[in-house]
Amino acid sequence: MGSVVESTNKEVNGSVAVKNPTVVFVLGGPGSGKGTQCTNIVQHFGYTHLSAGDLLRAEIKSGSENGTMIQNMIKEGKIVPSEVTIKLLQRAMLESGNDKFLIDGFPRNEENRAAFEEVTKIEPAFVLFFDCPEEEMERRLLSRNQGREDDNIETIRKRFKVFLESSLPVIEHYTAREKVRKIDAGRPVEEVFESVKAVFTPKDEKAD
Ligand SMILES: Nc1ncnc2c1ncn2[C@@H]1O[C@H](COP(=O)(O)OP(=O)(O)O)[C@@H](O)[C@H]1O
Ligand SMILES: Nc1ccn([C@H]2C[C@H](O)[C@@H](COP(=O)(O)OP(=O)(O)O)O2)c(=O)n1
Ligand SMILES: [Mg+2]
């Protein structure tokens, strides 16, 4: 017997998908603090955190047939074809049993964005954008110490270039649709989270 959420799931393009999920895209440059703030949001607001980068790294570790391709692209700071990433996101959404998701680090380019919309028919509730100076992001990435193959200065420079050229246009797309909630992410973690909380708290629950 499935859970309540599973029993109301629907078919999209031949595969089962979560019915009417709430999706928030969490975007920002590498090292802007997406993962850190998502952990805080999960604790306070009951979302499931899905990091596209974490899902891709788990896919490499699992020894899947796409593993080598994903690993090479991540090392080069390039963006993996959306077909691969969207399948991982869809599977994780279903497995979570939840219907509220923070999708962290996706969509990272126009191809990601258009394909997700086409395949899932999901429109994000809003887009949380962590805006952080590049020098600060570089400092954070060089001291992240998670043993990531892409946290070296050569790959970091490539990732910054991809962010400016490919990811910022996605943020502009949603800005034009009034979906972007921009946060000054260059401040200490707790201060950034105060601003994040204000975005997630319904207006009628806010103190005057
Ligand atoms: N506001 C902040 N100030 C200082 N360091 C931060 C802040 N937010 C995150 N960090 C640190 O910076 C590094 C990158 O943060 P992370 O959340 O992994 O960013 P992203 O997912 O956007 O790459 C981590 O080591 C994290 O602990
Ligand atoms: N939508 C995505 C997200 C990440 N990737 C790949 C390419 C990115 O440079 C790496 C790392 O992404 P991740 O979000 O974990 O990196 P940051 O948290 O921003 O430092 O994964 C991707 O190909 N497509
Ligand atoms: Mg991250």
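- The name given to the protein chain in an unreviewed UniProt entry is UMP-CMP kinase, with the source organism recorded as Lithocarpus litseifolius.
- What UniProt states about the protein chain under its Sequence similarities (unreviewed entry) heading is, verbatim, "Belongs to the adenylate kinase family. UMP-CMP kinase subfamily."
- Taken directly from UniProt, the Subunit (unreviewed entry) text for the protein chain runs: "Monomer."

### Looking at the UniProt feature "binding site: a ribonucleoside 5'-phosphate" (unreviewed entry) in the protein chain
Next up, step 1: Summarizing the sequence annotation, UniProt attributes the feature "binding site: a ribonucleoside 5'-phosphate" (unreviewed entry) to Arg57, Lys78, Ile79, Val80, Gly105, Phe106, Pro107, Arg108, Arg148 and Arg159 in the numbering used throughout.
Next up, step 2: Considering the arrangement of structural elements, one finds Lys78 in the loop between α4 (67–75) and α5 (82–96).
Next up, step 3: The contact partners of Ile79, leaving out residues within four places of it in the chain, are Met73, Arg108, Asn109, Asn112, Val162 and Ser166.

### As for the packing of helix α3 (residues 52–61) against α5
Next up, step 1: Packing of α3 against α5 brings their axes to within 10 Å, and their N-to-C directions diverge by 100°. As far as their axial angle goes, α5 and α3 are roughly perpendicular. Contact residues: α3 offers Ala52, Leu55, Leu56 and Glu59, while α5 offers Val84, Thr85, Leu88, Leu89, Arg91 and Ala92.
Next up, step 2: Its residues placed into classes, the contact of α3 with α5 shows seven nonpolar, one polar and two charged.

### A short note on the side chain of Gln90
Next up, step 1: Structurally, the position occupied by Gln90 is in helix α5.
Next up, step 2: Setting aside residues up to four positions removed in sequence, Gln90 forms contacts with Ser15, Val119 and Thr120.

### Description of the site of ligand 1
Next up, step 1: Taken together, 13 residues surround ligand 1, and among them Gly31, Lys34, Thr36, Arg144 and Arg187 come closest.
Next up, step 2: A distance of 2.8 Å separates an oxygen atom of ligand 1 from a polar backbone atom of Gly31.
Next up, step 3: Between ligand 1 and the protein, one listed contact pairs an oxygen atom with a backbone N or O atom of Gly33 at 3.0 Å.
Next up, step 4: Protein chains bury 75% of the 550 Å² of accessible surface belonging to ligand 1 in isolation.
Next up, step 5: Among the elements that take part in the shell around ligand 1, helix α2 (residues 34–45) stands out by supplying three residues, more than any other.
Next up, step 6: Residues that form the shell around ligand 1 fall into these classes: three nonpolar, six polar and four charged.

### A word on the environment of Lys61
Next up, step 1: Along the chain, Lys61 turns up in helix α3.
Next up, step 2: Through-space distance from the C-alpha of Lys61 to that of Gly29 is 24 Å; in sequence the pair is 32 residues apart.

### Things to note about α3
Next up, step 1: Looking at α3, one finds that the buried residues are Ala52, Gly53, Leu56 and Glu59. Angular distribution of buried residues about the axis of α3 spans 120°; they occupy a single face of the element.
Next up, step 2: Where α3 terminates, the next one or two residues include Gly63, which has phi positive at roughly 75°.

### Considering the site of ligand 2
Next up, step 1: The environment of ligand 2 is formed by 19 residues, the closest being Lys34, Arg57, Val80, Arg108 and Arg159.
Next up, step 2: At 2.8 Å from an oxygen atom of ligand 2 is found a side-chain nitrogen or oxygen belonging to Arg57.
Next up, step 3: Its free accessible area being 520 Å², ligand 2 has 96% of it covered by the protein chains.
Next up, step 4: Considering only residue class, the shell around ligand 2 consists of seven nonpolar, four polar and eight charged.

### Brief notes about the pairing of strand β6 (residues 126–131)
Next up, step 1: With five of its six residues buried, β6 lies for the most part within the structure.
Next up, step 2: The pairing of β6 with strand β7 (residues 180–184) spans five bridges and is parallel. Within the sheet, the bridge partner assigned to Val127 lies in β7 and is Val180.

### Section: the UniProt feature "binding site: CMP" (unreviewed entry) in the protein chain
Next up, step 1: Under the UniProt annotation, the feature "binding site: CMP" (unreviewed entry) is placed at Asn112.
Next up, step 2: Here Asn112 is to be found in helix α6 (residues 110–120).
Next up, step 3: A relative accessible area of 2% means that Asn112 is categorised as buried.
Next up, step 4: Beyond its immediate stretch of four places on either side in the chain, Asn112 contacts Ile79, Val80, Ser82, Ile86, Phe106 and Pro107.
Next up, step 5: A distance of 3.0 Å separates a polar side-chain atom of Asn112 from the backbone nitrogen of Arg108.

Reading the values: rules and limits
- Residues numbered from 1 in each chain as written.
- Chains lettered and ligands numbered in written order.
- Predicted model: local features only at pLDDT ≥ 70, side-chain atom pairs only at ≥ 80, totals over all residues.
- Heavy atoms only, no water.
- UniProt positions renumbered as here; feature names shortened; annotations may be inferred.
- Helix = DSSP H or I, 4+ residues; strand = E, 2+ residues; numbered from the N terminus.
- Contact = heavy atoms within 4.5 Å.
- Axes fitted to C-alpha atoms, helices over the stretch in contact; angles between N-to-C directions.
- Parallel < 35°, antiparallel > 145°, perpendicular 65-115°, else oblique.
- Nonpolar A, V, L, I, M, F, W, Y, C, P; charged D, E, K, R; others polar.
- Near = heavy atom within 4 Å.
- Polar contact = N/O pair within 3.5 Å; in protein donor to acceptor, adjacent residues only side chain to side chain.
- Areas by Shrake-Rupley, 256 points an atom, 1.4 Å probe, with all protein chains shown as cover.
- Buried < 20%, exposed > 50% of the residue type's maximum accessible area, 1.4 Å probe, protein only.
- Arc of directions from axis to C-beta.
- Pairing = 2+ DSSP bridges.

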